[in-house]
Amino acid sequence: MNKRALALLSGTFLALIVGVTVAASAHAFPEQESPSAGATLSEPPAQVTIKYDAPIEKLFASLEVLNSAGQNEAVGKPEVSPDGWKLSVPVNKLPPGEYTVQWNVVCIDTHHTQGSYSFTVEAHS
Amino acid sequence: MTADVDRALLVWPLVASLVTTFGTTGFVLLSAGERVFDLRAAAASLLTLWRFLAAVIFLVSPLVLLNVTADMAGVSWISALDFVPEVLAETHAGRLFEWFLPIALVLLIGACIPLPQFIRTTILFLLAAALLLLQALLSHAIDQGTLAVAVYFLHEVAVGLWVGALLALWMVARYGGPPDIWVERAARRVSKLAFWSVIGLVITGTYTAYNGLGFDLYHLLFSVYGRTLIAKVGIFVGVLAIGAYNRYWLVPKVAEPAARNALLFNVQIESVILLLAVVGLASLLANTPPAQHKGSHGDHSMMAMIAADSMFFRHARMRAT
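1. A word on the overall build of chain B
Stage number 1. Along the backbone of chain B there are eleven helices and one strand.
Stage number 2. Reading chain B from its N terminus to its C terminus gives the helix and strand order α-α-α-α-α-α-α-α-α-α-β-α.
Stage number 3. Out of the 321 residues belonging to chain B, those deemed buried represent 53%.
Stage number 4. In chain B, the share of contacts with a sequence separation of at least 24, taken over all contacts with a separation of at least 6, comes to 75%.

2. Points about the overall build of chain A
Stage number 1. Summing up its helical and strand segments, chain A has one helix and eight strands in all.
Stage number 2. Starting at the N terminus and ending at the C terminus, chain A contains elements arranged as α-β-β-β-β-β-β-β-β.
Stage number 3. Partitioning the contacts of chain A with sequence separation of at least 6, the portion at a separation of at least 24 is 61%.

3. Observations concerning helix α9 (residues 224-250) of chain B
Stage number 1. An ideal rise of 1.5 Å per residue puts 39 Å on 27 residues; α9(B) measures up with 38 Å between its terminal C-alpha atoms.
Stage number 2. Looking only at α9(B), the buried set comprises B:Val224, B:Tyr225, B:Gly226, B:Thr228, B:Leu229, B:Lys232, B:Phe236, B:Val239, B:Gly243, B:Asn246, B:Arg247 and B:Leu250.

4. Quick word on helix α4 (residues 92-112) of chain B
All names here are of chain B.
Stage number 1. When the terminal C-alpha atoms of α4 are compared, their 31 Å separation across 21 residues agrees well with the 30 Å that a helix rising 1.5 Å per residue should span.
Stage number 2. Buried within α4 we find His 92, Ala 93, Gly 94, Leu 96, Phe 97, Phe 100, Ala 104, Leu 107, Leu 108, Gly 110 and Ala 111.
Stage number 3. On the buried face of α4, the contacting elements are α2 (39-73), α3 (77-90) and α5 (117-138).

5. Topic: the sheet that holds strand β6 (residues 86-90) of chain A
Residues and elements named next belong to chain A.
Stage number 1. Pairing is antiparallel in the open sheet, where four strands are placed in the order β1-β3-β6-β5. This sheet does not close on itself; its edge strands, each paired only once, are β1 (30-34) and β5 (79-80).
Stage number 2. Across two bridges, the pairing between β5 and β6 is antiparallel. Bridge pairing links Glu 79 to Ser 88 in β6.

6. Details of the packing of helix α7 (residues 180-212) of chain B against α9(B)
Residues and elements named next belong to chain B.
Stage number 1. Orientation of α7 relative to α9, taken along the N-to-C sense of each, is 165 degrees, at an axis distance of 12 Å. As far as their axial angle goes, α9 and α7 are roughly antiparallel. Once α7 is placed against α9, the crossing between them reads as left-handed. Where α7 approaches α9, its residues Ser 191, Ala 194, Phe 195, Val 198, Ala 209 and Gly 212 are matched on the opposing element by Tyr 225, Leu 229, Leu 240, Gly 243, Asn 246 and Arg 247.
Stage number 2. When the residues that make up the contact of α7 with α9 are grouped by side-chain class, the tally is seven nonpolar, four polar and one charged.

7. Points about the pairing of strand β3 (residues 47-52) of chain A
Residue and element names in this part refer to chain A.
Stage number 1. Going residue by residue along β3, you find Val 48, Ile 50 and Tyr 52 tucked away on one face and Gln 47, Thr 49 and Lys 51 left uncovered on the opposite face.
Stage number 2. Sheet topology places β3 next to β6; five bridges connect them, and they run antiparallel. Within β6, the position partnered with Thr 49 by the bridge is Ser 88.

8. With respect to unusual backbone geometry
Residue and element names in this part refer to chain A.
Stage number 1. The step from Ser 34 to Pro 35 runs through a cis peptide bond, and the omega angle for that step is 0 degrees.
Stage number 2. As for its position among the elements, Pro 35 is in the loop between β1 and β2 (40-41).
Stage number 3. Look at Thr 110: it is not a glycine, yet its phi comes out positive at around 80 degrees.
Stage number 4. By secondary structure assignment, the location of Thr 110 is in the loop between β7 (97-106) and β8 (112-121).

9. Quick look at the nonpolar core
Stage number 1. Within the largest apolar cluster, 124 residues are counted, with the highest numbers of intra-cluster contacts made by A:Val105, B:Trp162, B:Ala165 and B:Leu169.
Stage number 2. A per-element tally of this core places helix α6 (residues 146-176) of chain B first, with 19 residues.
Stage number 3. With residues near it in sequence (within four places) discarded, B:Leu169 still touches B:Ala186, B:Ala187, B:Val190 and B:Val267.

10. Looking at the confidence of the model for chain B
Residues and elements named next belong to chain B.
Stage number 1. Here chain B averages 81 in pLDDT, and 84% of its residues register 70 or above.
Stage number 2. At the level of individual helices and strands, chain B shows its lowest average pLDDT in helix α11 (residues 311-320), which scores 32, and its highest in α4, which scores 96.
Stage number 3. In this model residues 294-321 is a low-confidence stretch, pLDDT under 50, and it forms 61 contacts with partners more than four residues away in sequence or in other chains.
Stage number 4. Note on the complex model: pTM 0.78, ipTM 0.72.

11. Examining the packing of α2(B) against α3(B)
Residue and element names in this part refer to chain B.
Stage number 1. Between α2 and α3, the shortest axis-to-axis distance is 8 Å and the interhelical angle comes to 95 degrees. Classified by the interaxial angle, the pair formed by α2 and α3 is roughly perpendicular. Together, Leu 65, Leu 66, Thr 69, Ala 70, Met 72 and Ala 73 of α2 and Trp 77, Ala 80, Phe 83, Val 84 and Val 87 of α3 make up the contact between the two elements.
Stage number 2. Residues belonging to the contact of α2 with α3 are distributed by class as follows: ten nonpolar, one polar and no charged.

Parameters and conventions
Residues numbered from 1 in each chain as written. Chains lettered and ligands numbered in written order. Predicted model: local features only at pLDDT ≥ 70, side-chain atom pairs only at ≥ 80, totals over all residues. Helix = DSSP H or I, 4+ residues; strand = E, 2+ residues; numbered from the N terminus. Buried ≥ 20, exposed ≤ 12 C-beta atoms within 10 Å, placed from the backbone. Contact = placed C-beta atoms within 7 Å. Expected span 1.5 Å × (residues − 1). Pairing = 2+ DSSP bridges. Axes fitted to C-alpha atoms, helices over the stretch in contact; angles between N-to-C directions. Parallel < 35°, antiparallel > 145°, perpendicular 65-115°, else oblique. Left-handed = near helix turned anticlockwise from the far one by under 90°. Nonpolar A, V, L, I, M, F, W, Y, C, P; charged D, E, K, R; others polar. Core = buried A, V, L, I, M, F, W, Y, C linked by C-beta atoms within 7 Å. pLDDT = per-residue confidence, 0-100.

See the structure below:
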């Protein structure tokens, strides 16, 4: 092995050990939510949408918007966008209060993730 | 046992069988121009191994599909049977399995029916390559796009060529009764092939680690993914040390019977470690959530909880509270 090849091998191996970065992920995690997590809204949203950082499967996707009594305010089944990155569901006209969005998806790599977050709809003054 | 480990235990024999079939057939085809030993004899000495590997691939593949379906639906294996048609028709993984299962069947048939050895070897090589590509499309790499899938596939190809060359050298020398000159030439060829395979593995492995970990020592040290990677790299370094000893000490003296016997013994040890430990840990890595993800914005309670139990995510949740 010549010195150049040895240097290449050592360098790439060192990089492997130390690790380098790229903005990417596996499994599907929320990248953007609408309404956003922790938001306080003056107007109730017409629908709830979550954009994931990887495509998800339509077959096993679920999205619920629960009021403080635990009732689901979502209307119908959640829809996955044709490219598989967004999950959304229309909601009833939400009265003021705190709402919990519960999502449960399967990434196209077949792995399952779930989570929840809250937002608040303010009373009209 | 977590879902990740469950899956890894199934994927391990599948991937090990695929890379071994691909690599051993590839090595025999690469040696086809060798005049001192007939390809048919080399292929014949590996035929029992190929049949065994094809049977493993054929039998394990449906179990992996069932495991995948059960994980996706969040149900038991028995209940998952009801979901299989929907998964096959409507999911990315299912559509891949619609190709994977028939190809696995053809691979088994190709290994078992009487065929001229060159044709059989070529068929098995091509089918194993196709299955490795489908395996790459089923991995985490699919979340990150075509380049990541291509890199993952090349990683599999590199490990296949390395393991296959080692195993084929040892098995043909042990069971094929080739002349000493064949072993000498094959040892040099294996040494070159192993060197370039290692280069390929390091480059593609670096890229995959790049995607999975990020520039974060915390991720490396405290995530399951990072720790598994450390274990895999550690064993890899051990195998590399044996390989370096072979390449720089034994191969130059391979004409001497003592060096030749020592080389064949080391080659056997290397291939067993690679298949059992490195491929096993690689299967676990392929089914462990990578440590780096973008996570949530704003609300810590949004931190996703992986259904599979993961030390990193337990830790992340603890940190969030």
